[in-house]
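Observations on the three-dimensional arrangement
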Amino acid sequence: MSLIVKNIIKTYDKGNVLALDNVSFEVKQGERFGIIGPDGAGKTSLFRILTTLLLADSGVASVCGNDVVLGFDKIRRISGYMPGKFSLYQDLSVEENLNFFATVFGTTVAENMHLIKDIYVQIEPFKDRPAGKLSGGMKQKLALCCALIHEPKILFLDEPTTGVDPVSRKEFWDMLDRLKSRNITILVSTPYMDEASRCDRIALMQTGKILAIDTLDNIIGSYKNKVFGVETRQMHQLSQFFKTHKAVHSCYPFGDTLHVTPKDALLTSIELESSCKSAGFQDVKVFDIVPNIEDIFMNLMGQNNGI
Amino acid sequence: MSKEAIIKTQNLTKSFGAFTAVDKISFEAMPGEIFGFLGANGAGKTTAMKMLSGLLKPSSGTASVVGFDVFKQSEMIKKNIGYMSQKFSLYDDLTVEENIAFFGGIYGLRGDVLKLAQMELLERLQLMDQSKKLVASLPLGWKQKLSFSVAMIHKPRLVFLDEPTGGVDPITRRQFWEMIYEAAENGVTIFVTTHYMDEAEYCSRVSIMVDGKIAAMDTPRALKEQFGAKNMDEVFYTLARGAKRGE
Amino acid sequence: MKTFLAFVLKEFQHVWRDKRSLFILIAMPVMLMFIFGFALSNEVKNSNIAILCPKPDEEVLSLIEKIDQSKYFTINKMMHNPNEIENYFKQNKGKMVIVFENDFADKLQHDKLANVQLIGDATDPNTATTMIGYAQGIIADYQKSLLGETNLPYAIQVETRMLYNPQLLSAYNFVPGVMALILTLLGTMMTSVSIVKEKEFGSMELLLVSPVKPIMVIFSKALPYALLCFIDVLIILLMARYVLDMPIRGNIFLLLAMSVLFIFTTLSLGLLISNSVDQQQVAMFISLVGLMMPSLIFSGFMFPIENMPKPMQIISNIVPTKWYFEILKSVMVKGLGFSYIWKHTLILVGMTAFFTLVAVRKFKIRLS
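Note that the structure is predicted; figures quoted are calculated from it, not measured.

Scanning chain A from N- to C-terminus turns up ten helices and 14 strands. Taken over the C-alpha atoms alone, chain A extends approximately 70 × 45 × 35 Å along its principal axes. Residue pairs at least 24 apart in sequence account for 70% of intrachain contacts in chain A once pairs closer than 6 positions are excluded. Carbon and sulfur atoms make up 51% of the accessible area of chain A, which amounts to about 12400 Å² in all. With 34 positive and 36 negative side-chain charges, chain A shows a separation of 2 Å between the mean positions of the two kinds.

Now the structure itself:
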């Protein structure tokens, strides 16, 4: 096991704010593990505990066999860390930042160029530019290079794709794909649910709790509720209608489709469609769909909040 | 409801030296329309939004926003639009009530009118019993709803939303969009940017900027047909991948 | 060692690229020297005064002429009525009024006793005292010339000599003062702000999650500022010598060595502050209010410590600036050698060691 987290609890403000509520999970060597959840889920606290920056109130955790409290200095040598906020030196150039962080870890850029070459070639044209003047996507690439430069055994990437446009986000995940062959364990967090598909396994988190841990397919496969897709040109009106519909548990828009969870699993798409039509919605198409990660997350959220 | 366009631009351009950030964009947004404004980082979105909200003088072209000219009447524009951004919206160290009063005051609401607007807003958000709480203590989702309502406190006909839903959970995100829909139904034009491509589909019309130009603009449905894509994500990717300029 | 050099290089790059701060660091001592040297001088020179004398006679006129001719005073008003005095001060036309009694010459000749009254505007007590002193001097001089060789039987002649600074030049006081203050300000504030900046921007987080020793981070921070402080010392000394014509009496190397010691003291204090706070603004505030103010008050530069109440005098002992200021005055102005300042040196060494030790111990290996 590359990462073992057991019953971690973390509070702030003298115990008044619960950031992590009994969190446990394990990550295998070479695995890409995604922590997925909105702001306030506790992702950053978890990352800081695992990177030895914070102490948990209780529980134990180890990184590559080193306890996060006792073996912190060993962990610091073998981890690559990319904090949620861009933290490189804004007034140093791309090259200077990279050189500096290589030296900090007692290595040189030349020695480990093979690790970052794919990524570095994309920012090399700007190597003399101060890091603060790079665009969001470029900053992200530079930060990843700096985190990789000492050939870490494990990478901690805290919300690397937040605030980045969809194209740069895709590119970033593609870069992580290419690291796959290096057998580096990657713990990555994101608020974008659709990025779950880019991880080997995921943990869904909300308000300090893990709601589910598994592969994306297993999480979806084990979801018992039935979900209908509904297509209409009267999205807003129809969703208001479903809100008061007796047989409907929840209804949420997903792009151009409404996702409807019925209260009764025996309800069929044909029955739901005809009930819409009898309410005066003519342009309605109801069909069975496989729920996606957001359907499941919202359902789990409901349970977590006691709804 | 008037049928005149709320935003109307013709070849609107902004250059910084030799760099053309926004290159001759032309479009109209009608009352009650939810206009999605998408683009990769650096495509010129922010610059365009700054011009339309009266913060930046365009280099050339014409544009009128809520009936005012962006070149000559930027102050009038600022008074008659709402603006909300994820980065900054409310003062954390003021109470809910104080924030409403402050932003109401900025938009010229005084005395009884302000009181009434404040009451209405608190009631609508069901925040009556939280009005004396510091904004910092509200959950992120509530903050967002509150800051949207505050941006609408002077009943503008146009509101700019700059990535309003970043980082919130999927349920809150959808609740937020319901507020947007409600406002649009009341005839308010919504001008919104987002990095969530499923949200792009909630818009009545979407424009996608690439390298300072509007590369595509239509209803989400038509765009998907045009590009033979399953969803807006694919449409966006197809268009933005070809971008030549870095951000 | 290589890592340390990398850190030092990085710090120099930070300082070098922040041209605005760099400019301020170099320009500040120059500005202060000019301000104290030329604008803020508390020497009395051509101060406006008024004379009240209803009926000036010969003796009065010749004394007035003597006063007016002196470089200290310029008479800008002749009064004839005591009511005018109050208005003169209220309108801020001058700082002193000299009042001669009626029939001054007559009384001087016949009664051998004539009265002169000096009225000073003591809103600024220092200036008032100085002016009164000068006026007394002039009058005494005049009296002496009147008496000529005819000695009075029991006259006591008081002769004053101002040692080390015969012309009472304020440069002898403010040059050491400016040096002490600049070093306190730069050394402490710049170092603390630069470390706290790393915390605020998040780079400290990255450094913590790396194998570097904390000590390396903080000491590399101090180096560029130590150099800048030293440059400032040189600038001030050169300006004092060649712009203000103030001789430096003591051994210049002793002076520089002591300055280096004090630079280390301020840097160690800066490190201590930076390890205790998380925001640049707080660091700056503490440096300014917590250190600059006491340094101004307790160094002896602005207010003489001997005149303070006992508790204040005791407090002044824990202000490092005070000790450096005294060293500077001893070496620079009095030309004393190390044997006279070894006690001060020892105190500064002790303080530096203490601050450094606490700073290093306080350095957190984790966030919060």
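If you tally the helices and strands in chain C, you get 14 helices and four strands. By residue count, 47% of the 368 residues in chain C fall in the buried class. A total accessible area of about 19600 Å² is found for chain C, and carbon and sulfur atoms account for 63% of it.

Attention shifts here to the sheet that holds strand β8 (residues 185–190) of chain A. Residues and elements named next belong to chain A. The six strands are arranged β6-β7-β8-β3-β9-β10 in an open sheet whose pairing can be described as mixed. A strand with exactly one partner marks an edge of an open sheet, and here the two such strands are β6 (79–82) and β10 (209–214). This sheet shows a mean twist of 15° between the axes of neighbouring strands, independent of strand direction.

Here the focus is the packing of aromatic side chains. The relation between two aromatic rings is expressed through the spacing of the ring centres and the mutual angle of the planes. Summed over the entire model, instances satisfying the criterion amount to 27 aromatic pairs over all chains. Measuring from ring centre to ring centre gives 6.2 Å for Phe 27 of chain B and Phe 37 of chain B, while their planes differ by 40°; the resulting arrangement is tilted. Placement of the pair is Phe 27 of chain B in strand β2 (residues 19–29) and Phe 37 of chain B in strand β3 (residues 34–39), with a sequence separation of ten residues. This pair shows no difference in class: Phe 27 of chain B is buried, exactly as Phe 37 of chain B is. Summarising the aromatic geometry, the rings of Phe 100 of chain C and Phe 104 of chain C are spaced 5.2 Å apart at their centres and angled 90° between planes, so their arrangement reads as edge-to-face. Here Phe 104 of chain C falls in the buried class, since its relative accessible area comes to 5%. Three or more aromatic residues joined by ring pairs make a cluster, and in this case those are Phe 27, Phe 35, Phe 37, Phe 160 and Phe 191 of chain B. One residue, Arg 241 of chain C, lies across the ring of Tyr 242 of chain C, its end atom 5.4 Å from the ring centre.

It is worth spelling out the confidence of the model for chain A at this point. Scored by pLDDT, chain A has a mean of 92; 99% of the residues are at 70 or more. Confidence, expressed as mean pLDDT per element, reaches its minimum in chain A at helix α8 (residues 235–243) of chain A with 88 and its maximum at strand β3 (residues 32–36) of chain A with 97.

The chain pair with the greatest number of contacts, out of two pairs of chains in contact, is formed by chains A and C. Left apart from each other, chain B and chain C have a closest C-alpha approach of 17 Å.

What follows deals with the environment of Val 260 of chain A. Mapped onto the elements, Val 260 of chain A comes out in strand β13 (residues 257–262). If we ignore the near neighbours within four places in the chain, the residues touching Val 260 of chain A are Lys 226, Val 227, Phe 228, Val 230, Phe 242, Val 248, Ser 250, Cys 251 and Leu 272 of chain A.

Turning to the environment of Asp 200 of chain A, a few remarks are in order. Residue and element names in this part refer to chain A. Mapped onto the secondary structure, Asp 200 falls in the loop between β8 and β9 (201–206). Once the C-alpha coordinates of Asp 200 and Ala 131 are considered, the two residues, 69 residues apart in sequence, prove to be 32 Å apart. Not counting chain neighbours up to four residues away, the residues in contact with Asp 200 comprise Gly 30, Glu 31, Arg 32, Lys 180 and Thr 215. Within the structure, Asp 200 has its side chain in polar contact with the backbone nitrogen of Arg 32 (distance 2.7 Å). Within the local environment of Asp 200, its side chain forms a polar contact with the side chain of Lys 180, the two groups lying 2.7 Å apart.

Before going further, it helps to examine the domain arrangement of chain C. The domain architecture assigned to chain C consists of domain 1 (47–147) and domain 2 (166–362). Centre-to-centre separation of domain 1 of chain C and domain 2 of chain C, based on C-alpha positions: 45 Å.

Think of two packed helices as two axes; the pair is described by the angle between the axes and how far apart they sit. Residue and element names in this part refer to chain C. Axis separation between helix α7 (residues 171–201) and helix α13 (residues 320–333) bottoms out at 9 Å; the angle between their running directions is 140°. Looking at the two axes, α7 sits oblique to α13. Our pair here, α7 against α13, has a crossing hand that is right-handed. Across from Tyr 172, Asn 173, Val 175, Pro 176, Gly 177, Met 179, Ala 180, Leu 183 and Thr 184 in α7, the residues of α13 making contact are Thr 321, Tyr 324, Phe 325, Leu 328, Lys 329, Met 332 and Val 333. Taken together, the residues that form the contact of α7 with α13 break down as eleven nonpolar, four polar and one charged.

It is worth spelling out the nonpolar core at this point. The nonpolar side chains of a soluble globular protein tend to be buried, and buried together. Among the nonpolar cores identified, the biggest contains 165 residues, and Leu 3, Phe 25, Leu 50, Leu 144, Leu 187 and Leu 204 of chain A together with Val 175 of chain C are the most heavily contacted of them. If you tally residues by element for this core, the top one is α7 of chain C, at 17 residues. The contact partners of Leu 187 of chain A, leaving out residues within four places of it in the chain, are Leu 3, Phe 25, Val 27, Phe 33, Ile 35, Phe 47, Leu 50, Leu 155, Phe 156 and Leu 157 of chain A. Counting 51 residues, the second-largest nonpolar core is a separate cluster that includes Val 96, Leu 109, Val 135 and Met 152 of chain B.

Bringing helix α1 (residues 2–17) of chain C into the picture now. The α-helix advances 3.6 residues per turn, and as a result positions three or four apart in sequence lie on the same side. Between its first and last C-alpha, α1 of chain C extends 22 Å over 16 residues, near the 22 Å set by a 1.5 Å rise per residue. Listed in full, the buried residues belonging to α1 of chain C are Thr 3, Ala 6, Phe 7, Val 8, Lys 10, Glu 11, Gln 13, His 14 and Val 15 of chain C.

Between chain A and chain B, the contact holds 30 residues from the first and 30 residues from the second. The interface formed by chain A and chain B includes five salt bridges. The interface formed by chain A and chain B holds eleven residue pairs in polar contact (both at pLDDT 80 or more) in total. Listed by contribution, the elements that provide at least two residues to the side of chain A that touches chain B are α5 (136–148), α6 (166–179), α8, β12 (248–254) and α10 (293–304) of chain A.

Opposite the 25 residues of chain C that make contact, chain A presents 29 residues. In total, about 2500 Å² of surface goes out of reach between chain C and chain A, with carbon and sulfur atoms giving 63% of it. The three residues of chain C that bury the most area against chain A are Leu 206, Val 209 and Arg 366 of chain C, which together make up 28% of that side's buried surface. Our count for the chain C to chain A interface comes out at two salt bridges. There are twelve residue pairs in polar contact (both at pLDDT 80 or more) connecting chain C and chain A.

Two pairing modes exist for strands in a sheet, parallel and antiparallel, and in both the strands are linked by backbone hydrogen bonds. Residue and element names in this part refer to chain B. Here we have four strands laid out as an open sheet, ordered β2-β1-β4-β5, and antiparallel in their pairing. Two strands in the sheet have a free side with no partner beyond their single neighbour: β2 and β5 (68–69). Taken together, the two bridges between strand β4 (residues 60–65) and β5 define a ladder with antiparallel strand orientation. Note on β5: the bridge partner recorded for Ser 64 is Asp 69. Packed onto the sheet, helix α1 (residues 45–52) meets β1 (7–16), β2 and β4 and runs at close to 120° relative to β1.

What follows covers the pattern of salt bridges. Going through the model one piece at a time under the given rule, you end up with 40 salt bridges over all chains. Residue Lys 141 of chain A pairs with Glu 171 of chain A through a salt bridge whose shortest N-O separation is 3.2 Å. Linking Lys 141 of chain A in helix α5 with Glu 171 of chain A in helix α6, this pair joins segments that are 30 residues apart in sequence. By relative accessible area, Glu 171 of chain A is classed as partly exposed at 29%. Three or more residues are tied together by salt bridges with common partners; here these are Glu 294 of chain A together with Arg 173, Arg 174, Asp 198 and Glu 199 of chain B.

The next subject is the packing of α7 of chain C against helix α11 (residues 280–298) of chain C. Residue and element names in this part refer to chain C. Relative orientation of the contacting elements α7 and α11 amounts to 165°, with a least axis distance of 8 Å. Accordingly, the angle class assigned to the pair α7 and α11 is roughly antiparallel. Here α7 and α11 pass one another in a crossing that is right-handed. The segment α7 lies against α11, with Leu 181, Thr 184, Leu 185, Thr 188, Met 189, Ser 192, Val 193, Val 196, Lys 197, Glu 200 and Phe 201 engaging Gln 280, Ala 283, Met 284, Ser 287, Leu 288, Leu 291, Met 292, Ser 295 and Leu 296. Residue classes in the contact of α7 with α11 are distributed as twelve nonpolar, six polar and two charged.

Rules used throughout
Residues numbered from 1 in each chain as written. Chains lettered and ligands numbered in written order. Predicted model: local features only at pLDDT ≥ 70, side-chain atom pairs only at ≥ 80, totals over all residues. Heavy atoms only, no water. Helix = DSSP H or I, 4+ residues; strand = E, 2+ residues; numbered from the N terminus. Contact = heavy atoms within 4.5 Å. Areas by Shrake-Rupley, 256 points an atom, 1.4 Å probe, with all protein chains shown as cover. Lys, Arg positive; Asp, Glu negative; His and termini not counted. Charge placed at Lys NZ, Arg CZ, Asp CG, Glu CD. Buried < 20%, exposed > 50% of the residue type's maximum accessible area, 1.4 Å probe, protein only. Pairing = 2+ DSSP bridges. Axes fitted to C-alpha atoms, helices over the stretch in contact; angles between N-to-C directions. Phe/Tyr/Trp six-rings, centres within 6.5 Å; stacked < 30°, edge-to-face > 60°. Lys NZ or Arg CZ within 6 Å of the ring centre and 35° of its normal. pLDDT = per-residue confidence, 0-100. Polar contact = N/O pair within 3.5 Å; in protein donor to acceptor, adjacent residues only side chain to side chain. Domains from an automatic or database assignment. Parallel < 35°, antiparallel > 145°, perpendicular 65-115°, else oblique. Left-handed = near helix turned anticlockwise from the far one by under 90°. Nonpolar A, V, L, I, M, F, W, Y, C, P; charged D, E, K, R; others polar. Core = buried A, V, L, I, M, F, W, Y, C linked by side-chain atoms within 4.5 Å. Expected span 1.5 Å × (residues − 1). Salt bridge = Lys/Arg side-chain N within 4 Å of Asp/Glu carboxyl O. Buried area = accessible area lost by both parts, 1.4 Å probe.

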